[in-house]
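Residues per chain are reported as follows:
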Amino acid sequence: MITSCTKRKSAEPDGALRFHDFQDPNRLRQRTEQLSRWKMPAVDMYTGQQHWLLQRGLERLRLLGSQITTDLRIISAGYGLLNEGDLIVPYEVTFNDMSAAERRHWSRHLRLAQDVRKALAGAQVVVFLLGARYLDAILPLQPLPGQRFMFFASEHEARRLAGPGVTLVPSGLKEARLFGAGLTSLKGRMFELLAQCLVVGGKSYWADLLQGRSGHAVLHDLKEAQQSE
């Protein structure tokens, strides 16, 4: 799973890292030391609704006996691509506050596209829970042979994501109403329901996803999962 950082965090002290702190390695080390009392794994730092719902889905998939191995990566506009166990301190940086030129420049500096490609090399199915401006930081991106990319995407985003080996699951205003979620939490809610489909369907459902189950079929599956809760 590839998700994005969230504005809400477990710790929000005065003096959290800002963009200019990340631009100077020496300053970043000094400021990180000053904030060391709030250091924690990345997976525990973020508390936004999408992240919280994503974690609930991951917990289902990681229950004892699960046949699915999961790996979560988080795109941080400050730190770059994070493993869920990477230790970080509170910060306030987001691609949503940057211009298109600033996003391109900073994402190249962070080597986000290269790091994402490297991280995905061994994955069979990759689920992306990213908004448009975080997608900007890693695209273009294509699946390797035998690999399946699944994007939860609005109709506008879908136009630039379609291609061989890609499944597009609609996730816009219509789906937000359908699943009773806000747009900022929708992708997390849909992933939580997808996790339930995988728990119930097991290897058979996994094979369907890998072989290219359509986005609209997946959407129907999520509706059924919601109704069975």
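Residues numbered from 1 in each chain as written. Predicted model: local features only at pLDDT ≥ 70, side-chain atom pairs only at ≥ 80, totals over all residues. Heavy atoms only, no water.

**Concerning the nonpolar core**
Moving on, step 1. Counting residues in hydrophobic clusters, the biggest one holds 69 residues, and the most contacted among them are Ile75, Phe95, Phe128 and Leu194.
Moving on, step 2. Looking at this core, the element that brings in the most residues is helix α10 (residues 186-211), giving 10 residues.
Moving on, step 3. Non-local contacts of Phe128, meaning those with residues more than four positions away in its chain, are made with Ile2, Leu120, Ile138, Leu141, Phe149, Met150, Phe151 and Phe152. (Core = buried A, V, L, I, M, F, W, Y, C linked by side-chain atoms within 4.5 Å. Buried < 20%, exposed > 50% of the residue type's maximum accessible area, 1.4 Å probe, protein only. Helix = DSSP H or I, 4+ residues; strand = E, 2+ residues; numbered from the N terminus. Contact = heavy atoms within 4.5 Å.)

**A few points about the pairing of strand β3 (residues 73-76)**
Moving on, step 1. On β3, burial covers both faces: Arg73 and Ile75 on one face and Ile74 and Ser76 on the other are all buried.
Moving on, step 2. Bridging between strand β1 (residues 2-4) and β3 involves 3 bridges; their strand directions are parallel. Each residue of the ladder has a partner; that of Ser4, found in β3, is Ile75.
Moving on, step 3. In this sheet, strand β4 (residues 80-83) lies alongside β3 in antiparallel orientation, the contact comprising 4 bridges. Note on β4: the bridge partner recorded for Ile75 is Leu81.
Moving on, step 4. Counting the residues between successive antiparallel strands, the hairpin from β3 to β4 contains 3 residues. (Pairing = 2+ DSSP bridges.)

**A short note on the side chain of Ser107**
Moving on, step 1. The residue Ser107 is located in helix α5 (residues 100-110) in this model.
Moving on, step 2. A polar atom in the side chain of Ser107 sits 3.1 Å from the backbone oxygen of Arg104.
Moving on, step 3. What Ser107 contacts, discounting residues up to four positions off in sequence, is Phe95, Leu112 and Ala137. (Polar contact = N/O pair within 3.5 Å; in protein donor to acceptor, adjacent residues only side chain to side chain.)

**Considering the packing of α10 against helix α11 (residues 215-227)**
Moving on, step 1. Here α10 crosses α11 at 115°, and the two axes come no closer than 9 Å. The angle between α10 and α11 places the two elements in the roughly perpendicular class. Of the two elements, α10 crosses α11, and the hand of that crossing is right-handed. Contacts between α10 and α11 pair Arg189, Met190, Leu193, Leu194, Gln196, Cys197, Tyr205 and Leu209 from the former with Val218, Leu219, Asp221, Leu222, Ala225 and Gln226 from the latter.
Moving on, step 2. Partitioning the contact of α10 with α11 into residue classes produces 10 nonpolar, 2 polar and 2 charged. (Axes fitted to C-alpha atoms, helices over the stretch in contact; angles between N-to-C directions. Parallel < 35°, antiparallel > 145°, perpendicular 65-115°, else oblique. Left-handed = near helix turned anticlockwise from the far one by under 90°. Nonpolar A, V, L, I, M, F, W, Y, C, P; charged D, E, K, R; others polar.)

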